[in-house]
Amino acid sequence: MAFTSLVKIPQTSKVASASVIFLHGSGDTGQGFLNWVKFLIGDFKSPHISFYFPTAPLRPYTPLKGEFSYVWFDRYSITPDVPEHTETLNDAGEQIKLLVDDIVASGVPLNRIIIGGFSMGGALALHSAFRYTPGLAGVFALSSFLNKNSAVYSELRAESTPLYMAHGERDTMVPISWAKKSLEELTKLNVKGEFISLGYTLHEIKKSELQGLFRWIERYLPPLESDVSQSS
């Protein structure tokens, strides 16, 4: 299934030398995720980075008793112990790969693209970076997870891709122990991850979390010499 929609925040220079893809959580939209980010940190733009906020397709979602929702993939239940829904995960991964291919075709190298997301979006980002589109500049997962026997652990192809994770200590939907276990398993496979614990935080995004994320993005997607000449 294709994206329902795609919102883009273009770079302020003539040409982008880097891109970031944000993937929303279950039941949200790309525009809704963008509005959430803007509410917390205000309008944001970069001279050299373009930002993409796609919306997942409408799918039947098992945790909602089969009702349709904007979700990247189906889940048998919201617990780490169930198998991943391979068919819908693979479909979502293919759609993200097509978006990445389009961005590369526009002139942005694969190693100048970061992908990440919130909750389910973060899980898809981990699959994308480590399985479907290896070679990215980085991946981030906010309040996110991988299931116990995730295909990421058995099919990981990009252990050198840097990872940023942040999670609320009081998250009851995706307990922080689940996220820490996911990072622990990835670390065993030589993934280098940075984990930020957020005190007094539920299943949500905080301003300080986003500020830290954007600093991390700038670290791995710094401006190039050509970007400086564009802006001068």
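Check the entry above for the structure.
Quick caveat: nothing in here was measured; it's all calculated off a predicted structure.

A. Looking closely at unusual backbone geometry. The backbone of K65 shows a phi angle near 60°, a positive value even though the residue is not glycine. Unlike most non-glycine residues, S143 shows phi in positive territory, near 50°. Positionally, S143 belongs in the loop between β7 (138-142) and α4 (151-155).

B. Expanded view of the nonpolar core. Ranked by size, the top nonpolar core spans 43 residues in total, and within it I21, W72, I115, F130 and L186 carry the most contacts. At the level of elements, β2 (18-23), α2 (86-105), β6 (113-118), α3 (120-132), β7, α4, β8 (163-168) and α5 (176-188) are the ones that each hand at least two residues to this core. Residue contributions to this core peak at eight residues, all from α3. Other than its neighbours up to four places away in sequence, I115 contacts I21, L23, I96, A125, S128, A129, L136, G138, V139 and F140. Residues F33, L34, L142 and I205 belong to the second largest nonpolar core, which totals 28 residues.

C. The arrangement of the packing of aromatic side chains in detail. In this structure the tally under the stated criterion is 16 aromatic pairs. With centroids separated by 6.3 Å and ring planes inclined at 55°, the aromatic side chains of F33 and W36 adopt a geometry described as tilted. Here F33 and its partner W36 are both found in helix α1 (residues 30-41), three residues apart, which amounts to about one turn of the helix. By relative accessible area, which is 1% here, F33 ends up buried.

D. Structural context of the pattern of salt bridges. Scanning the entire structure with this criterion turns up eleven salt bridges. With its nearest N and O atoms 3.5 Å apart, the salt bridge here joins E184 to K181. In this pair, E184 and K181 are both assigned in helix α5, three residues apart and thus about one turn of the helix distant. Since its relative accessible area comes to 40%, E184 is described here as partly exposed. Using a relative accessible area of 41% as the deciding quantity, one classes K181 as partly exposed. K181 serves as the salt-bridge partner of E185, at 3.1 Å between the closest nitrogen and oxygen. Of this pair, E185 and K181 are both found in helix α5, four residues apart, which corresponds to roughly one turn of the helix. Residue classification places E185 among the buried residues on the basis of a relative accessible area of 19%.

E. Quick look at the environment of Y220. With respect to the secondary-structure elements, Y220 resides in helix α6 (residues 207-220). Considering only alpha carbons, one finds Y220 and N111, 109 residues apart in sequence, at a separation of 9.5 Å. Look past the residues within four positions of Y220 in its chain and what remains in contact with it is R112, I114, A137 and P162.

F. Layout of α5. The terminal C-alpha atoms of α5 lie 19 Å apart, and with 13 residues this matches the ideal 18 Å at 1.5 Å per residue to within 8%. Restricting attention to buried positions, one finds in α5 the residues I176, W178, A179, S182, L183, E185 and L186. Each element contacted by the buried residues of α5 is listed here: α3, α4, β8 and β9 (193-198). Directly after α5, the chain includes N190, whose backbone phi takes a positive value near 75°.

G. Region of the structure containing α6. With 14 residues, α6 extends 20 Å between its outermost C-alpha atoms, agreeing within 8% with the 20 Å of an ideal straight helix rising 1.5 Å per residue. Buried residues of α6: E209, L210, G212, L213, F214, W216 and I217, and no others.

H. A look at the sheet that holds strand β3 (residues 49-55). Taken together, the seven strands give an open sheet; going across it, the order is β1-β3-β2-β6-β7-β8-β9, and neighbouring strands pair in mixed fashion. The open sheet is flanked by β1 (5-9) and β9, the only strands paired with a single partner. Strand after strand, the sheet turns through a mean of 15° between neighbouring axes, direction not considered. As paired strands, β6 and β7 are joined by five bridges and run parallel to one another. Each bridged residue has a counterpart across the sheet, and for G116 the counterpart in β7 is F140. Against the sheet, α3 touches β2, β6, β7 and β8, its axis set at about 150° to β6.

I. Broad picture of empty space enclosed by the protein. Tallied over the entire structure, the rule returns two cavities of 30 Å³ or more. The space that makes up the largest cavity amounts to roughly 100 Å³. Looking at the largest cavity, it is lined by 13 residues, and the ones nearest its centre are F73, E84, L89, F145 and N147. Of the residues belonging to the lining of the largest cavity, the class tally is seven nonpolar, three polar and three charged. By volume, the second largest cavity amounts to about 30 Å³. Lining the second largest cavity are M1, A2, F3, P57, R59, W72, D91, A92 and Q95.

About the cut-offs
- Residues numbered from 1 in each chain as written.
- Predicted model: local features only at pLDDT ≥ 70, side-chain atom pairs only at ≥ 80, totals over all residues.
- Heavy atoms only, no water.
- Helix = DSSP H or I, 4+ residues; strand = E, 2+ residues; numbered from the N terminus.
- Core = buried A, V, L, I, M, F, W, Y, C linked by side-chain atoms within 4.5 Å.
- Buried < 20%, exposed > 50% of the residue type's maximum accessible area, 1.4 Å probe, protein only.
- Contact = heavy atoms within 4.5 Å.
- Phe/Tyr/Trp six-rings, centres within 6.5 Å; stacked < 30°, edge-to-face > 60°.
- Salt bridge = Lys/Arg side-chain N within 4 Å of Asp/Glu carboxyl O.
- Expected span 1.5 Å × (residues − 1).
- Pairing = 2+ DSSP bridges.
- Axes fitted to C-alpha atoms, helices over the stretch in contact; angles between N-to-C directions.
- 1 Å grid on protein atoms, 1.4 Å probe; cavity = no way out; pocket = protein on both sides within 12 Å on 5 of 7 lines; lining within 4 Å.
- Points joined across faces, edges and corners; volume = space filled by probe spheres on them.
- Nonpolar A, V, L, I, M, F, W, Y, C, P; charged D, E, K, R; others polar.

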